[in-house]
Structure formats: structure tokens, C-alpha cells
Amino acid sequence: MSVLAEPIEQVKTNSLEQHWMPFSSNRDFKNAPRLITRSEGMYLWNQQGDRLVDGSSGLFNVPAGHARKSIADAVHAQMMQNGYTAPFQLGQPTSFEFAAKLTQIMPEPFNHVFFVNSGSEAIDTALKMVMAYHRANGEAQRTRFVSRERAYHGVNMGGVSLSGMVKNRETFPVVMPNIVMMRHTWNEENAFTKGQPETGAELANDLQRFCETYGGSTIAAVFIEPVAGSTGTLVPPKGYLERVRQICDEHGILLVFDEVITGFGRLGKPFAVDAFNVMPDIITLAKALTNGAIPMGAVAASDQVYETITEAAPENAIEFFHGYTYSAHPAACAAGLATLKIYEDEGLFERAAELSDYFLDAIWSLQDIPIVKDIRGYGLMGGVEVHPLPGKPGIRGNEMQKKLFWNGCHAKWTGDTAILAPAFIAERSHVDEIVDAMRKTLMAE
Ligand code: PMP
């Protein structure tokens, strides 16, 4: 019998532990299941038929809104035409078409994309691409990677190694060697700064210190989320990314921007590269690539990275010894093409930019609520942080996520921070709905 057809009491006891849920407590979920049975546009409906406004556009990956017909139709048509092609040494037209469209909207030197199935795979692929690049360049001694405290780069072993989250270190102690962490850029002094903080650029000099300590010629790459998302929307201080780029240039280090969240208009420009005017060498993408319809990620390589790797390989040799059975899956490529068409036809990146001030003002209206500790934001991405329960970081956030749900709004919470990131189709009234539900939930604490 379907979970939905069962009386709720039955569902609770019988059916909710066979699926071991990601980043969740199954046992807790079982006690009060929150099942979404329908979604459309800005809204979700739960199994009781309650309507919720989606404050985080899924996991920041549905900027065109839920259940877009043109994407579903494109996927269906593709599946009926050609549902799968083995992607090694064999191709299908949709992936080339999608790559061509995608590189058209990307910053100029990014003319090559390697398709994967998630953000985590994009990160591990980027790590390998960096290694392949230095090897091709005669610099295989560059084996050290630099990441940052409070970074989140997915859940595969490369990404876990790069992630600066204590929980990862405690739970999965065996990680890649030779990774050093720069400090994160949040500090109390900059609390409630809208946009980029004025101070903190000097934190980029951590990278300079690593070059002096380990030798710049041993460092392969720096991985950076231009705005750290999954650890609470940490906006880079003015001048910080520029300084990181400068140090990378001085020492031949590659710069990787993890744009899994910031890519595709989230910051009010197509990519963080456009928002901050700093050019990396590699960009990782996922999430909004297919508007959440089909799992997909991508790694975009600059001409220099691509050409260095491909030109170094002997004739007919495999240039980049890497790939997945589902790399460039036809259904995902079809979804991606239909998604980019929506972004373009509906001017959604511009719409995100237009809505940004209203959105940021709306979330800043929560700043005087006593339990609010900080608010941060850029574009259509905001973090509302509450004071943790004494000695129990993250517990209050976890509880508040559930309370917010029952108050009619879905938002992703990370630790004690709600990450608000509405879809770009949102009207001002949707932003109001999200912020009103947040206010009600915060005030009740
Ligand atoms: N990098 C960043 C910056 C992310 O925010 C995420 C997901 N939140 C990932 C990588 C991993 O993506 P996925 O969950 O698709 O593997």
C-alpha cells in the first residue's frame, strides 16, 4: 500500500524507516512526518493538504519555481527519443547542445563543461581536474589543496576533505591528506551587514602565509564558495576574493569557485564571477542547472585549463581519465536546456536582481527580534541566525525548521541559521509570506 494511502498513525509506525533519509533523523521524522505530496510555482503541499510557501526554493535549486511543464515535457520527449547513451567514446546531440548553450551564458574563458550528477561529484571532479592540469603542466609536485573553515563542498570524500565543518572531521576522520584551511570570513563586528562587509579582506592573507610556510609551488588549488551557503550565507568582505586571486596568480595556484549555490542568478548576476568581478580557473555547478528537475552537476573549465590537459595527452589517449555512467545523461541535458530557456525567456536572472533589495529589506525587518543574532545576505540569498541554546549549537535551528514548517513555510536551516533563498519567480507578496512565517516562528521562541 502506498504511504499516502495509509492512515497517518500507520505511516508513522510502519513505513518511515525503510528509506534511510539523508541528513535527517529518521526516528524523529517518524514521529511527525513532513511529507510533501505536490509542488507548484512558489508552493508545496503536505500530506494533509496544507499549503507552504517555499522559502529556500527547494535546496536553492528551483529558481524557476516548482513543476515547470516545459522541463517535464522536454524530459519526456527526450526519454522517448533516446533515454540513454553510454557516454564514454560515444555521444548524443543533447549534451553538445546543452554545453554550447551553457558556455554561452558563462563568463568568457569558460568554454568547456564536464557533466556530472551532483554538486558533490562536481567537487571531486574538479579536484581531479586540478591534479590533471598540474601534471600536464609538468608540476605534479603541487599536491596541497587549500580550503576554508566553514566551507561546504559536498559529501563525497574529496568534498568532505575540503569541507571545514567540524562534524565532518569528527564523524569521518580519514580524509585526503595535505589540505589546509584558511579562516572563514565571518566575524561579530560585521553582524547585520547587508551585502559585502567592509572589513576582513586581510583574511585572504592566510593563503599568503601558506605559500610562505609550505612553498607556493606545492599548492595545487584553492577552493572557495564565493558566498558560503550551507554554513549560513557568509558573504565575502570587499577585496577578499580579489586578494585570493592575486596570491594565486603570484604562485601559479588554480582558483576554483564552487558555484553550486551561487550559479544561475542567485546573486543577482548570472554567476558569482559576474557579481564580484573575480575570475577563477574552474567553476563547479549543480542545483539550478536543471531547476531541480533531474540530478545534474557540471565542472566548467577555462580555455587554459582545458587546453593544457587536452594538448598534453598523446594522440588518441584518454585526456581526462574520469567520468560517470550517468555523465551527460540525456534526460538531464534535456532538462538543462529547457531550464536555460526559461531563465532566458522569463529574464529570471534580471528578476532576481530586481527583487533583491526588497527581499533583503524584508529579512532585515527581523533584526530586532530578541533571539536573532545576525542577518546576512546578498542577491536573493539570505541567512537569519538565531542565538543557539546554551551549550547546544544547532538544536534550536533544527527545532525552528520544524516549527516554521507548521507555520506554513519551508526553509533550509543549517545549524542555527535559516537560509532564505526564494525562487526568482517570486512576487513581493511571496517574500512577505516567507518573512511573516519567519517572524511568527522567531517571536514564539
Ligand atoms: N558545493 C556547495 C557549495 C553546495 O552548497 C553543495 C550542496 N549544498 C554541494 C557542493 C554538494 O552538492 P550536492 O548536494 O548536489 O552533492
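Bear in mind the structure is a predicted one, so any value in this text is a computation, not a measurement. (Residues numbered from 1 in each chain as written. Predicted model: local features only at pLDDT ≥ 70, side-chain atom pairs only at ≥ 80, totals over all residues.)

Focus on the domain arrangement of the protein chain
Moving on, step 1. Along its sequence, the protein chain is carved into domain 1 (34–64 + 347–443) and domain 2 (69–345).
Moving on, step 2. The centre of domain 1, based on its C-alpha atoms, is set 25 Å off from the matching centre of domain 2.
Moving on, step 3. For the side of domain 1 that touches domain 2, the secondary-structure elements that each account for two or more residues are α3 (57–60), α14 (348–364), β11 (372–378), β12 (381–386) and β15 (417–420).
Moving on, step 4. With 7 residues, α14 is the single largest residue contributor to the side of domain 1 that touches domain 2.
Moving on, step 5. Per-class residue counts for the side of domain 1 that touches domain 2 are 18 nonpolar, 11 polar and 3 charged. (Domains from an automatic or database assignment. Helix = DSSP H or I, 4+ residues; strand = E, 2+ residues; numbered from the N terminus. Nonpolar A, V, L, I, M, F, W, Y, C, P; charged D, E, K, R; others polar.)

Side note on the sheet that holds strand β13 (residues 409–410)
By definition, the strands of a sheet pair up through backbone hydrogen bonds, in either a parallel or an antiparallel sense.
Moving on, step 1. The 4 strands are arranged β1-β2-β3-β13 in an open sheet whose pairing can be described as mixed. With partners counted over all chains shown, the strands left at the sheet margins are β1 (36–40) and β13, one partner each.
Moving on, step 2. Judged from the 3 bridges that link them, strand β2 (residues 43–46) and strand β3 (residues 51–54) form a sheet pairing that is antiparallel. Each residue of the ladder has a partner; that of Tyr43, found in β3, is Val53.
Moving on, step 3. On the sheet, helix α16 (residues 428–443) packs against β3 and β13 and is oriented at approximately 105° with respect to β3. (Pairing = 2+ DSSP bridges. Contact = placed C-beta atoms within 7 Å. Axes fitted to C-alpha atoms, helices over the stretch in contact; angles between N-to-C directions.)

Describing the site of the ligand
Moving on, step 1. Inspection of the region around the ligand gives 14 residues, with Ser118, Gly119, Ser120, Gly154 and Val260 positioned closest.
Moving on, step 2. In terms of residue count, the dominant contributor to the shell around the ligand is helix α6 (residues 119–136) (3 residues).
Moving on, step 3. Split into classes, the residues belonging to the shell around the ligand amount to 5 nonpolar, 7 polar and 2 charged. (Near = placed C-beta within 6 Å.)

Some words on the packing of helix α5 (residues 93–105) against helix α13 (residues 330–345)
Moving on, step 1. At a minimum axis separation of 9 Å, α5 and α13 run at an interaxial angle of 35°. For α5 against α13, the interelement crossing comes out left-handed. Listed contacts from α13 to Thr94, Ser95, Glu97, Phe98, Lys101, Leu102 and Ile105 of α5 are Pro330, Cys333, Ala334, Gly336, Leu337 and Leu340.
Moving on, step 2. Among the residues making up the contact of α5 with α13, the classes are represented as 8 nonpolar, 3 polar and 2 charged. (Left-handed = near helix turned anticlockwise from the far one by under 90°.)

Remarks on the nonpolar core
Moving on, step 1. Formed by 127 residues in total, the largest nonpolar core has its most connected members in Val222, Ile282 and Val299.
Moving on, step 2. Counting residues domain by domain, this core receives three or more from each of domain 1 (34–64 + 347–443) and domain 2 (69–345).
Moving on, step 3. With residues near it in sequence (within four places) discarded, Val222 still touches Val146, Leu207, Val244, Cys248, Ile253, Leu255 and Val256. (Core = buried A, V, L, I, M, F, W, Y, C linked by C-beta atoms within 7 Å. Buried ≥ 20, exposed ≤ 12 C-beta atoms within 10 Å, placed from the backbone.)

A few points about the confidence of the model for the protein chain
Moving on, step 1. When pLDDT is averaged across the protein chain, the result is 95; 97% of the residues are at 70 or more.
Moving on, step 2. As scored by the predictor, the complex reaches a pTM of 0.96 and an ipTM of 0.99. (pLDDT = per-residue confidence, 0-100.)

Topic: α5
Moving on, step 1. Between its first and last C-alpha, α5 extends 19 Å over 13 residues, near the 18 Å set by a 1.5 Å rise per residue.
Moving on, step 2. Thr94, Ser95, Phe98, Ala99 and Leu102 are the residues of α5 that are buried. For α5, the buried positions fall inside an angular range of 130° around the axis, keeping them on one side. Opposite the buried face of α5, by more than 90 degrees, sit the exposed residues Pro93, Phe96, Ala100 and Gln104. (Expected span 1.5 Å × (residues − 1). Arc of directions from axis to C-beta.)

A short note on the pairing of strand β7 (residues 219–224)
Moving on, step 1. Summarising burial for β7: 6 of the 6 residues are buried, a large majority.
Moving on, step 2. Sheet topology note: the strand β5 (residues 144–148)/β7 ladder contains 3 bridges and is parallel. Bridged to Val146 within β7 is Val222.
Moving on, step 3. Across 4 bridges, the pairing between β7 and strand β8 (residues 254–258) is parallel. Within β8, the position partnered with Phe223 by the bridge is Val256.
Moving on, step 4. Traced from β7 through helix α10 (residues 240–251) to β8, the parallel crossover comes out right-handed. (Right-handed = clockwise from strand over helix to strand, strands pointing away.)

Examining unusual backbone geometry
Moving on, step 1. The backbone phi angle of Lys287 is positive, close to 40°, even though this residue is not glycine.
Moving on, step 2. Within the secondary structure, Lys287 sits in the loop between β9 (282–285) and β10 (297–302).
Moving on, step 3. One non-glycine residue, Ala328, lies in positive phi territory at about 55°.
Moving on, step 4. Its place among the elements puts Ala328 in the loop between α12 (303–312) and α13.
Moving on, step 5. Here Ala328 falls in the buried class, since 25 other C-beta atoms lie within 10 Å of it.

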